Each structure stands twice: as structure tokens, then as C-alpha cells.
Amino acid sequence: MKPERIVIFGATSAIAQAVARRLASRGARLHLVARDPDKLEAVRADLAARGAAVTTSLADLDVVERHEALVAEAFETLGGLDAALLAQGTLPDQAACERSFDRTLAEWRTNFIAPASLCARLADRFEAQGAGVIAAISSVAGDRGRRSNYVYGTAKGALSTFLQGLRGRLDSTGVRVVTIKPGFVDTPMTASFRKGALWATPDQVAAGIVAALDHGRGEVYLPRFWWAIMFVIRHLPERLFLKLRI
Amino acid sequence: MRDAEEVLPWGNYPRVRHAAIVPVYWRHQPLPSTTGTMLPLGLARSYGDSALNEGGTLLATRGLDRLAAFDREHGVVRCEAGVPLGRLLEIVEPHGWSLPVVPGTAHVTVGGALANDVHGKNHHVAGTFGHHVARFELLRSDRGRVQCSPTEERDLFRATLGGLGLTGLITWADLQLRRIPSQWVDVETRRMAGLDEFFALSAESAAHEYTVAWIDALARGGAAGRGLFMRANPALDATQPPPAARSGIGIPFDWPAAVLNRHAVRAFNALYIARGGGQWRRSRQPTRKFLFPLDGIARWNRMYGKAGFLQHQSVVPRADAASKLREMLAEVARSGGASFLTVLKVFGEREPAGLLSFARPGVTLALDLPMRGEATLALLERLDAVVRDAGGAIYPAKDARMSPATFRASFPALEEFARHVDPAFSSSLWRRVHA
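From a predicted model like this one, the values you see are computed outputs, not experimental measurements.

Parameters and conventions
Residues numbered from 1 in each chain as written. Chains lettered and ligands numbered in written order. Predicted model: local features only at pLDDT ≥ 70, side-chain atom pairs only at ≥ 80, totals over all residues. Contact = placed C-beta atoms within 7 Å. Nonpolar A, V, L, I, M, F, W, Y, C, P; charged D, E, K, R; others polar. Helix = DSSP H or I, 4+ residues; strand = E, 2+ residues; numbered from the N terminus. Buried ≥ 20, exposed ≤ 12 C-beta atoms within 10 Å, placed from the backbone. Arc of directions from axis to C-beta. Pairing = 2+ DSSP bridges. Axes fitted to C-alpha atoms, helices over the stretch in contact; angles between N-to-C directions. Expected span 1.5 Å × (residues − 1).

Caption draft 1: Summary view of the interface of chain A and chain B. Contact residues are listed per partner, giving 11 residues for chain A and 14 residues for chain B. Counted by class, the side of chain A that touches chain B contains five nonpolar, one polar and five charged residues.

What follows is the structure, encoded as C-alpha cells:
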């Protein structure tokens, strides 16, 4: 059954916006959670103008102490919940993190601790109602530690592992846990990167995420060819991998 | 920020480098700080250098693709400047509304349509895009945010309609939509023998919503001006939704220049005209297919090869239009330059919406010419001379080479416009024509 009541955390990200438009166009009811009031209002107004039923909550998701209340609010506002998409995240400055471990910790809080906390709370409620979908945006960067962005990779790798375990725990409870692993996506987060043939648009990735919300299981690479690329990357012998200097 | 960025205009000429392309994602954010000048860029469908800023910064507005409000009762939509017209149509048409004016492609942004004050096949009844803009917000380097409408900041409003992106960054605009009875049009097509018939058919069809003629620019002498005349009205009794747009075919790479030569164009033209017949042929088409005939072929501009092509769109006053058009068509035929798509239309009498608006009372002719170096540029300069002599104008959105003298002659309000240019904004075209 396609989810009709959906909460999106990190709703002002480019991928989240594209997912929300697709869900809105088929009549889903959305509850959006994000930190920046101007951006959240711009996204809400866009979806409302397209005819969607949208509500919002303003929250800094780094503050995990609020998560219980935020999840409860999503259930209340939508009159129950069918699915949650976790789309918050940052792309840490690797060099800056190497200079400051405090900064590394802060990035892990944003990219691992916070989404894991939300997943844990959603899992309990979904398990209790015997239904629900948790889709969290991890990254291909979590598949293997690379010198160029291993602080980000560590957080995403930890998130993927956490989701894998959660999936095992909720197996045969009626709850689906889907790990979304996008490759390179042309978003504000990657605005400073030179774009090549491997880059996808937020809307291309969003189409895959909507399909994952509907019937996805396990880990979903988006676009799908990333599965093959990461299969090779994961299986390269360490000595060869180090020579790639990526 | 990326460096040394190349953006190709639709004509693939000229090819220039930019210091940076800075994406703009949120309408409430300030302008970026840049060392050189900046210029907003939408979907890069301008043919020449009007959306390029060599050595400077481009503000990529595609992330500004949100609606802010849609009043379904009164048909007013407030949207960000980077919304593509095609997307906007997909949202408003199911509610019985449409854009009153669209150009020949849906792949342009609201900001681009406004900044070029684009026109369509219904200019004679609906004017230009700018005539239906109720309000917009401009983000300027010297004044911050300024809301402009026909009554508020009127001078800046008129400078920005058709202002080629030079008056500041348009963040959002309010567009007045119009009711449509269906998403279909009833089209009538017939062959026309020459320019006299074109004028007769245009007069006879003035009550039709859409009129346009497609002519064979290679025909000489008595056959000059032969082509097809098309007119259409919205279908009143069509109730079914149009077929979903297919992703369609595309041109995946630049064709070798030899493919689209004079013989190929001649054969194509002859074939096309043979389809016309001497009587009106009637058909019902999805409105989008009729209005955006080439959008079904992704990247059709690659047919002209790596060297690119130049489009020459002019308007000449109605009074001696026939002789001026004959002069221009004779120049093109004499040069042997193959114009793949040659379009002719009589504009309506409505006063232009903006200071630099191209569309004005008169007759417009659009020619495509493959870029073959000096010979092509010389031919276009000869065409410009005819237009200047007639008191006409050249369309900047399609230009990559007109002289400052031609630009001045085309836009009498030029100096008034120049006073409204944002001090931090510039473009390759602007430096070229207003040195």
C-alpha cells in the first residue's frame, strides 16, 4: 500500500523538496520538519500552491532531546503516520574536521546521531502499530572510508549499519526500513563541485525514493548504477584502493 | 564557486568563459559578493550572448523553481524566477488556466521570459509576456529588494520587462493567467504562394488566436515567400486531457556540419510545402504540440554542428514591410545560406510593455543560419542594414553580433533604459552593443 501520511525531516533539502512534490502530486499529506524558517516557508508555500495538504514544524534536529516530541507531533498532526523520510544532513569540510575534532563530533551528531535517534523513536511507534516505512538518506560515501571525506563517510557508514540492524529487528513486524544511498546529486550541498556524467538531478533521485517508500526493501542505490560502482570500490584490495588516492 | 565555466548559448555561438557560476536557491537570500559583474541565467535558451557574461559571474537561477501562491479563482500565480514555463503549465492547466503568452519553446524560465519580454503566435491578440506580469521583486546591488508593478516603481518595471536581466535579479513574479476551454487547439493550415498571400491571409485570420507562417527561404523570384500559413483557436468542445508528453527523440551530439546543407534544407522545405495543399486543412492538436513544435526534439540545435548557428529575427513597420521582406529574402537566397526554419508573423498594434521590448507593431521575420564565419556575419550585417533603413529592430534574445548602431536604431529608449541598469550587472551583449 502506498503511504499517504508522510513526515519529512530535513524538508528543505533539494532531494526532499523533489520527493515532496512527487508525493504531493499524488495527493499525499505531508508534515515537513526543518530548521530555517524562511526556507521552510518557501517549501511549504510551493507545495500548498501545487494543491498539497502540508503542515510544518520548525526544529533544529541536532537537538535530539526534542525528537520524541517531534515524532509525536507528526503522528498527531497527520492523524497517524504511514512513512517517514529522513533527509537532513550536511557535507562536512573534511580538512576543517581534521583540524578540529569538536567539528568532527558536531558533523557526526548531524549526520549520524540525529537520524539514528529519529529512526529509533519512529521504529518503536511503527512496531507498536505493526506498520510503517522508514526511509533514511545515507550515501555511497559510507560504503568505504576514503581520504577525501571520511568524516562524512564514517557518519553515513554508521547510519547504514544502524539501519541494517534496525531492519533485522523489525523484520516480519510489518515495518519496512529502507537505506537510500544516492551517488552524486546536483544540489546546494554539492554546488561547489564540478559536475560530470555520473551526476544525477534531485528529481531523478526523488523518483527512486518515492518508489522505495512504496515498496523498497533493504539498500537502494540511486541512480541504480551506483550499486555496480560501489561493488567494485568495496572489493578493491586495500593496497590498490590506497593507490587510487580518492 | 567553480572557475572558468563555459555556458553554451542555444546557438552554440559564441563560446565564452565565465569567472564563476553561482547557483541561487532561495529567494530571500542576498546577492552573492563577486569581484566582477553578474548576470542571471535561466535555462540558457537565448541564442547568442545576451545571457552570457564573459569573464564575469552568472547567477544560475534554476534552483528558484518554487511557486509561492496560486489563486485558482482569479488565475494569478506567484512564482520564483527559475520556474520553467512548461512546469508552470503542467500545474495550472488542469485547473483551467494557462499562460496568456508563451514563446515557441516551453523550456524557458519565468525570469527569462520576462527579461526578454517574449512573444508568441498570439501577439496580435495578447501582446507580449510582459503585458501579463502584474508585479515582481527585483534584487539590486544598490537598492536591495524593490517591488515593481505598473503603478509602483513604474520606470523600473518597464525597464525590467525586456531588460535582458541587466536591471537586477528577478526573484519572483505575479503572473495573470487566462482561462482556457481545453488543452487542445483547432488548427487550420494552407499553402501560400508568396508574400502577397501572406498579408491577405494574416488580415483574413486576425480574429484567430494564433497565426504564424513558415516560409521557404530558398525560393527565389516569383516563388519568394512561398510557404505554409497556420492559424488556430482553442478547441471549445474538447474535454479529454491531452496525451502525456513523451520524453521524445533527441539529438545526442553535434551533427557534422555537412548534414544540414542547402540541399537537405531544400528537400525538407519542398516536402513540408507539399503537405500543405491549396485549401485549408483542419486538425485538432494538443495545444503544447502546436505551440512548442520543436520541444519534442531534445537539443535540436545540435543539427547545426559544432560551429553553431545564428538566428536573425527582425521586425519592420507594416507600411513597407512587403518590399523590405522581399529585400531580405532575396539577400538570403542569393547567399545560398540555408535557413532551416524561417518564420513570418504580423504583430498586433499593442504598445510594447517594456523600454527594450522587441515585439512592436509590424511584421517579424526569423531566420536560422548555420555559422560559416565571415560570410554569414556579412550577410547578417546586410540584413541589419535593410532593417535599420526600414526603421525596424533586431531581437537581442536571438542575437550574437549586431552592431551598436543597429542596437541604438532598434531601441530608441536605450539611454533611458541604461539609467536603470544595475551597476553590478552586465552581459556580453550589453558590453558589445553599449560600449
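Picking up where we left off.
Caption draft 2: Spatial organisation of the environment of B:Leu175. Residues and elements named next belong to chain B. Secondary-structure assignment places Leu175 in strand S11 (residues 169-176). Distance in space between the C-alpha atoms of Leu175 and His132 is 6.0 Å, their sequence separation being 43 residues. Residues contacting Leu175, with those up to four places away along its chain left out, are Val77, Leu99, His132 and Val133.

Caption draft 3: A look at helix H1 (residues 85-92) of chain B. Residues and elements named next belong to chain B. Turning to H1, its buried residues are Leu85, Leu88, Leu89 and Val92. Angular distribution of buried residues about the axis of H1 spans 100°; they occupy a single face of the element. In this structure, the buried side of H1 is in contact with strand S7 (76-80), strand S8 (97-98) and helix H2 (110-115).

Caption draft 4: Here's a closer look at the sheet that holds strand S3 (residues 53-58) of chain A. Residues and elements named next belong to chain A. Spatially, S3-S2-S1-S4-S5-S6-S7 is the arrangement adopted by the seven strands of the open sheet, whose pairing is parallel. With partners counted over all chains shown, the strands left at the sheet margins are S3 and strand S7 (218-222), one partner each. Strand-to-strand twist in this sheet, taken as the mean axis angle between neighbours without regard to direction, amounts to 20°. Across the face of the sheet, helix H3 (residues 67-78) comes into contact with strand S1 (5-9), strand S2 (29-34) and S3 while running at roughly 155° to S2.

Caption draft 5: View of the environment of B:Phe229. Residues and elements named next belong to chain B. Along the chain, Phe229 falls in strand S15 (residues 227-234). On a C-alpha basis, the gap between Phe229 and Leu201 in space is 7.6 Å, while along the polypeptide they are 28 residues apart. With residues near it in sequence (within four places) discarded, Phe229 still touches Arg190, Met192, Phe198, Leu201 and Ala213.

Caption draft 6: Representation of unusual backbone geometry in the model. At the junction of A:Leu222 and A:Pro223, the peptide bond is cis and its omega measures out at -15° in the coordinates. Considering the arrangement of structural elements, one finds A:Pro223 in the loop between S7 and helix H8 (226-235). Cis geometry is adopted by the peptide bond preceding B:Pro14, which originates at B:Tyr13 and carries an omega value of 0°. In this fold, B:Pro14 is placed in the loop between strand S1 (5-6) and strand S2 (17-18). A positive phi angle, near 55°, is found at A:Arg245, a position not held by glycine.

Caption draft 7: Summary view of H3(A). Residue and element names in this part refer to chain A. For H3, which comprises 12 residues, the first-to-last C-alpha distance of 17 Å matches the rise-based estimate of 16 Å (1.5 Å per residue) to within 8%. Where the residues of H3 are buried, they touch S1, S2 and helix H5 (101-129). A positive phi of about 65° marks Gly79, the residue just after H3.

Caption draft 8: Structural detail: the environment of A:Gly174. Residues and elements named next belong to chain A. Assignment of secondary structure puts Gly174 in the loop between helix H6 (150-169) and strand S6 (175-182). Under the C-beta neighbour-count criterion, Gly174 is labelled exposed, with 11 such atoms within 10 Å. Linking Gly174 and Gly132, residues 42 residues apart in sequence, is a C-alpha distance of 7.0 Å.

Caption draft 9: Spatial organisation of the pairing of strand S10 (residues 144-148) of chain B. Residue and element names in this part refer to chain B. In this sheet, S10 lies alongside strand S9 (residues 133-140) in antiparallel orientation, the contact comprising five bridges. Of the residues in S10, the one forming a bridge with Leu139 is Arg145. What sits between S9 and S10 in their antiparallel hairpin is a turn of three residues.

By themselves, these figures tell us nothing about what the structure is for.
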